[in-house]
Every structure is written in structure tokens, then in C-alpha cells.
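Now for the letters of each chain:
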Amino acid sequence: MARVAIVTGAGRGIGRAIDDALNARGFDVAAVSLEDHPETVMSGESGRRRGYYCCDLTELSSHEPLLTRIAADLGEPTCLVNNAGVTSLSRGDMLDLTPEGYDRTLSINLRAGFFLTQAFARRLLARPAPAAPASIIFIGSANAEIIGENRPDYCISKAGVAMMAKLYAARLAAAGIAVYEIRPGVIRTDMTRPAQERYDALIAAGGIPMQRWGEAEEIGKVAAALAEGAIPYATGIHIDVGGGLHLHRV
């Protein structure tokens, strides 16, 4: 039986790389994005299928219809990758952050992911346990712990994602559904491009022990390994993929 995964925020960057990695590992992948792409089932790597679903996940009423469409097109999914997210509308003094900017970031990065995961978990629990590993993967950030004073709403949202992953891990463990969090560091994407000079300087100054940018494909490989069950008897853990950025050095 084909394994089916959902990847949100899959239009580009890390989401697209995760989509590619899962497809290459034999998953049929439902790529969900707010960007307007054709909603068709496409041929992917290794003969696996892809479906593209344009959806605004902040509209909570869209979640159940989305999951139902994916199941009808590709089969019931056993993996959900919560990748959809945004950075702050603007970077600057946290004393200037507006309620509108704060609400936007938390609505997309935290609220939408919580309720999509809730709907996905209910569907998993309502049917017999799948033969293949079932998993939920949250794409968090090094900013779950590392402070970025110029984007406080983003940091707060990612700290919330870290706790959300642990909560779902605790709730779903007895059902054999593993929950993980991946915390990317400085990854080369459209989201980080506006801060390229700053991150180049950080790397040059030794702020990242591996002394280079990370690539979206590297996050994809980690997500695919987790989805395949490569780390058994583990749930509620996070994996730092940031070249050692998270290491505290004195």
C-alpha cells in the first residue's frame, strides 16, 4: 500500500525540499500551499504521485475538506509535515511590534498548525492503525530558544511550536503516532534572503560552527528519515539542523 504524506507550505523553500525528499523515498505527497499552483495529481520520483492543493490554512473550516480531498485523491495519509509559516512582517525594535503583525504570525505559524494537526490526528485515530509508521513532523526553528529581538513574534510562535509538538507527542504516543520537531538554523531560502548580509557576517565571525549556510534539501532529508520511522521508539524529540548554531559556546 502506498504511503501518503501531507506537506504544508510546500510551494517553495524547505516545504518543496521536503516534498521532493518524501517523494523520492516512495511517498505519494499532497503538497499544500497558499500559492496558486494547478491542483493536479502529478507524476513524481520513482513513479509516485503528487497532488497540489491551494489552501489558506488560517481558515480552519478548510481543514476537514482538505483532508477529505487528499484521501480521495491519494489515499489516507499517515504523515503530516507542518511546515507552513511566515517570518515577521518587518524586523525592528520589539517595542514597535503591532498587534496586527503579532496576530498574523501566530495565526499562521501556531494556530493553523495546531488545528490542522488536531483534524489529522482525529482521522488517524478513527481508523485501524496503519501498517507503516504514522508520524507528525513540525518544522520549528532555532529561534525556539535563540533570541531574535528584531522579530519577537516569530520567536514566540516557534517556541509555541516546540511545546505543541511535545503536547501532541504525549497525547498520541499510545496510538503509535510519533511526533517530532525539526529546528532549522540558517537555511538558504526566500525567507532568509533579506537577511543574507547579516547571516554571511555571522558565518564569517564563527557564529555557525560548520561555517556555512544550510540548504533546504538537508531539512528534506531529515524529515524523510523521520517519516520513514528511522528513529524508532522515540517521540516528542527535536532535532537541531543548523550546523551547530544551537551550541552554547564561551
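Residues numbered from 1 in each chain as written. Predicted model: local features only at pLDDT ≥ 70, side-chain atom pairs only at ≥ 80, totals over all residues. Heavy atoms only, no water.

1. Thoughts on helix α2 (residues 63-74)
Link 1 in the chain: Over its twelve residues, α2 runs 16 Å from end to end, which matches the ideal 16 Å to within 8%, given 1.5 Å per residue.
Link 2 in the chain: Listed in full, the buried residues belonging to α2 are His63, Leu66, Leu67, Ile70, Ala71 and Leu74. Viewed along the axis of α2, the buried residues span an arc of 130°, placing them on a single side of the element.
Link 3 in the chain: Just downstream of α2, Gly75 is the residue with a positive phi angle, here 110°. (Helix = DSSP H or I, 4+ residues; strand = E, 2+ residues; numbered from the N terminus. Expected span 1.5 Å × (residues − 1). Buried < 20%, exposed > 50% of the residue type's maximum accessible area, 1.4 Å probe, protein only. Arc of directions from axis to C-beta.)

2. Examining the pattern of salt bridges
Link 1 in the chain: For the coordinates displayed, the defined rule picks out 17 salt bridges.
Link 2 in the chain: Between Glu215 and Arg188 there is a salt bridge, with its nearest N and O atoms 3.0 Å apart. In this pair, Glu215 is assigned in strand β9 (residues 214-215) and Arg188 in strand β8 (residues 187-188), connecting sequence segments 27 residues apart.
Link 3 in the chain: A relative accessible area of 44% places Arg188 in the partly exposed class.
Link 4 in the chain: One network of salt bridges, in which partners are shared, links Arg12, Glu35, Asp190 and Arg193. (Salt bridge = Lys/Arg side-chain N within 4 Å of Asp/Glu carboxyl O.)

3. A few points about the side chain of Ser135
Link 1 in the chain: Counting through the fold element by element, Ser135 comes out in strand β6 (residues 134-139).
Link 2 in the chain: On the basis of relative accessible area, Ser135 is assigned to the buried category, the value being 2%.
Link 3 in the chain: If we skip the residues at most four places from it in the chain, Ser135 touches Thr78, Cys79, Leu80, Phe120, Ile177, Ala178, Tyr180, Leu226 and Ala227. (Contact = heavy atoms within 4.5 Å.)

4. What to know about the nonpolar core
It is characteristic of soluble globular proteins that their nonpolar side chains tend to be buried jointly.
Link 1 in the chain: Counting residues in hydrophobic clusters, the biggest one holds 29 residues, and the most contacted among them are Ile6, Val32, Ile70, Phe138 and Val179.
Link 2 in the chain: Among the secondary structure elements, those contributing two or more residues to this core are β1 (3-8), β2 (27-33), α2, α3 (99-125), β6, α4 (152-172) and β7 (177-184).
Link 3 in the chain: What Val179 contacts, discounting residues up to four positions off in sequence, is Ile136, Phe138, Ala165, Tyr168, Ala169, Leu172, Thr235, Gly236 and Ile237. (Core = buried A, V, L, I, M, F, W, Y, C linked by side-chain atoms within 4.5 Å.)

5. What about the environment of Leu57?
Link 1 in the chain: By the element assignment, Leu57 lies in the loop between β4 (49-54) and α2.
Link 2 in the chain: The spacing of Leu57 and Ser33 is 24 residues in sequence and 8.5 Å in space, taken between C-alpha atoms.
Link 3 in the chain: The contacts of Leu57, once residues within four sequence positions are left out, are Thr8, Val32, Ser62, His63, Leu66, Ala84, Ala112 and Leu116.

6. Quick look at the environment of Thr78
Link 1 in the chain: Assignment of secondary structure puts Thr78 in the loop between α2 and β5 (79-82).
Link 2 in the chain: Accessibility expressed as a relative area gives 9% for Thr78, which makes it buried.
Link 3 in the chain: When residues no more than four places from it in sequence are discounted, the contact partners of Thr78 are Val4, Phe120, Leu124, Arg127, Pro130, Pro133, Ala134 and Ser135.

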